[in-house]
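Structural features, examined
Now for the letters of each chain:
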Amino acid sequence: MDNNNSSEPIILGKLRKEKSSKPIFVFLVFVLIIGITFGLPYIQKYAKNPNTIVGAIYGKFFEVDDSKEEDKTITRHTLNENTSIDFNNIILSNVKINNNKVFYDLVNKTNNTIILDSTNYYFNIYNSENELLKSIKLTGNITNEKTNNEYTFFDFKFKNIAYYGNVVTFTNYEDIKLKENDLGIANLTCSISNNTYKYDFNNLSLKSISHNYKYDNVKDINKYLEKYNFYIDKSKKINELAPTTSNTQEKDVGFEFVAAIDLTKVNISDLKEYIDYNYYVLDTPAKKVKYEMEAKGYKCL
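My aim in this report is to walk through the structure given alongside it, one point at a time. Since the structure is predicted, the reported quantities are computational estimates derived from the model, not experimental observations.

**Concerning the state of the cysteines**
Taken as a whole and assessed by the stated rule, the structure comprises 1 disulfide. Covalent S-S linkage joins Cys 190 and Cys 300, the inter-sulfur distance amounting to 2.1 Å. Here the S-S torsion is close to 115°, and the disulfide linking Cys 190 with Cys 300 is therefore right-handed. With Cys 190 in strand β11 (residues 185–192) and Cys 300 in strand β16 (residues 299–300), this residue pair connects regions lying 110 residues apart in the sequence. Here Cys 190 matches Cys 300 in class, with each residue buried.

**Concerning the nonpolar core**
Of all hydrophobic cores here, the largest spans 31 residues; its most connected members are Tyr 199, Phe 201, Tyr 279 and Met 293. Of all the elements in the fold, those that place two or more residues in this core are β11, β12 (195–202), β13 (205–215), α3 (221–241), β15 (255–262) and α4 (286–295). Setting aside residues up to four positions removed in sequence, Tyr 199 forms contacts with Ala 186, Asn 187, Leu 188, Cys 190, Leu 206, Ser 208, Ile 209, Asn 278, Tyr 280, Val 289 and Met 293. Residues Ile 90, Val 102, Tyr 104 and Tyr 151 belong to the second largest nonpolar core, which totals 22 residues.

**Section: the packing of aromatic side chains**
In total, this model carries 28 aromatic pairs according to the counting rule given. Each residue in the set Tyr 213, Tyr 215, Tyr 224, Tyr 228, Phe 230, Tyr 231, Phe 255, Phe 257 and Tyr 274 is aromatic and connected to the rest through ring pairs, giving one cluster. Its guanidinium or amino end placed over the ring of Tyr 122, Lys 137 lies 5.9 Å from that ring's centre, counting from NZ or CZ.

**Things to note about α4**
Listed in full, the buried residues belonging to α4 are Ala 286, Val 289, Glu 292, Met 293 and Ala 295. Lining the buried residues of α4 we find β6 (121–126), β7 (132–137), β9 (147–152), β11, β12 and β16. Trailing α4 by a residue or two, Gly 297 shows a phi angle of about 105°, which is positive.

**Concerning the sheet that holds strand β14 (residues 246–250)**
Pairing in this open sheet of 6 strands is antiparallel, and the strands run β14-β15-β13-β12-β11-β16 from one edge to the other. Edge positions in the open sheet fall to β14 and β16, since each of these has one partner strand only. Pairing of β14 with β15, which is carried by 5 bridges, proceeds in the antiparallel orientation. Within β15, the residue paired with Glu 250 across the bridge is Phe 255.

What counts and what doesn't
Residues numbered from 1 in each chain as written. Predicted model: local features only at pLDDT ≥ 70, side-chain atom pairs only at ≥ 80, totals over all residues. Heavy atoms only, no water. Disulfide = S-S within 2.5 Å. Helix = DSSP H or I, 4+ residues; strand = E, 2+ residues; numbered from the N terminus. Buried < 20%, exposed > 50% of the residue type's maximum accessible area, 1.4 Å probe, protein only. Core = buried A, V, L, I, M, F, W, Y, C linked by side-chain atoms within 4.5 Å. Contact = heavy atoms within 4.5 Å. Phe/Tyr/Trp six-rings, centres within 6.5 Å; stacked < 30°, edge-to-face > 60°. Lys NZ or Arg CZ within 6 Å of the ring centre and 35° of its normal. Pairing = 2+ DSSP bridges.

Below, the structure is given as structure tokens:
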């Protein structure tokens, strides 16, 4: 007689053995993670480069994100043809960067002319790490009609990457050192093309200015005569304020204007329509003169 309560185990079936993951799949995932980790910064730079198709789209639709950086004290705008920076009563727009040149448009939102030379308005340019690369002093008289502007750097070239910018009011000039004699007298010479200004300081405070300007473009005789007569009249005006301190003379080609202005005797505002905004008032700090003149494109030594 069979015993149905046998303690022998009864095998009902066999479980299927799970297959282990393929090593090649694990390797591919690992490579993908490493690739994304190291490639992400380059992908971001490409996406923000205004000179690429993807970058142009990014700049147009996502530029507002630039103002949401961790550093809330600086509002930056992607610099490209879609740029529009609204600052006080001016708008700086349509920025193009090429090699060592920067092109931009300026317009005044009011009906009154704004003399930018008399302001402390600067157009600052940053890289993607938020480093200030260059400052451009905004100059000229602007109205509600848009004007085109061009600035050339002689000591800097831009790369084909994204740049950012803003317009600020700047007065925090860094201290500078000039070679002084025993009496504390020092000078700074700023020049560009045929235009040279020499500033004389006493204990780093401005006391006098020497100006030398040469004009040799005689192809357009009407423009030449207009320039020549302007500087003739300017010399006369300066000599009214301080006799025999200025002269304009024709040379073999063109003319040359010279002026030596003692700021203790000449108030710059008295030059009226002949005012030169590169002439600074008595006791202007040397650090301001150097910073502003270099931001205007002059080389100062």
